[in-house]
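Residue-level listing of the chains:
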Amino acid sequence: MIIVPVKDGENIERALKKFKRKFEKTGAVREMRARKTFEKPSVKRRIAHMKAVYVQQLRLQDEQ
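Residues numbered from 1 in each chain as written. Predicted model: local features only at pLDDT ≥ 70, side-chain atom pairs only at ≥ 80, totals over all residues. Heavy atoms only, no water.

Together, Lys7, Arg14, Lys17, Arg21 and Lys25 give the surface a local cluster of positive charge. Along the polypeptide, Lys7 turns up in the segment before helix H1 (12-26). (Patch = residues over 30% accessible without salt bridge, like charges linked within 9 Å, V, L, I, M, F, W, Y side chains within 5 Å. Areas by Shrake-Rupley, 256 points an atom, 1.4 Å probe, with all protein chains shown as cover. Salt bridge = Lys/Arg side-chain N within 4 Å of Asp/Glu carboxyl O. Lys, Arg positive; Asp, Glu negative; His and termini not counted. Charge placed at Lys NZ, Arg CZ, Asp CG, Glu CD. Helix = DSSP H or I, 4+ residues; strand = E, 2+ residues; numbered from the N terminus.)

Further remarks concern helix H3 (residues 41-63). The end-to-end C-alpha separation of H3 is 33 Å, in line with the 33 Å expected for 23 residues at 1.5 Å each. Within H3, only zero of the 23 residues are buried, which leaves it mostly out in the open. (Expected span 1.5 Å × (residues − 1). Buried < 20%, exposed > 50% of the residue type's maximum accessible area, 1.4 Å probe, protein only.)

By the element assignment, Pro5 lies in the segment before H1. Among the residues examined, Pro5 registers a relative accessible area of 60% and is labelled exposed. For the pair Pro5 and Ala15, spaced ten residues apart in sequence, the C-alpha to C-alpha distance is 7.9 Å. When near neighbours in sequence (up to four residues on either side) are disregarded, Pro5 contacts Glu10 and Lys22. (Contact = heavy atoms within 4.5 Å.)

Here you go:
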């Protein structure tokens, strides 16, 4: 549970902004989207490998 202490006289928009920041850091939305559909471990590995290759190619292009 996320708790955001609100000081006396503090603006509600400021407290809401703090809440949103804390909620984003927990990663709840990201995890929920990941659990929405099942992804086989082999597919996860393949995607991670393809991403690593892509990033490595970008870094090589920056060096040249």
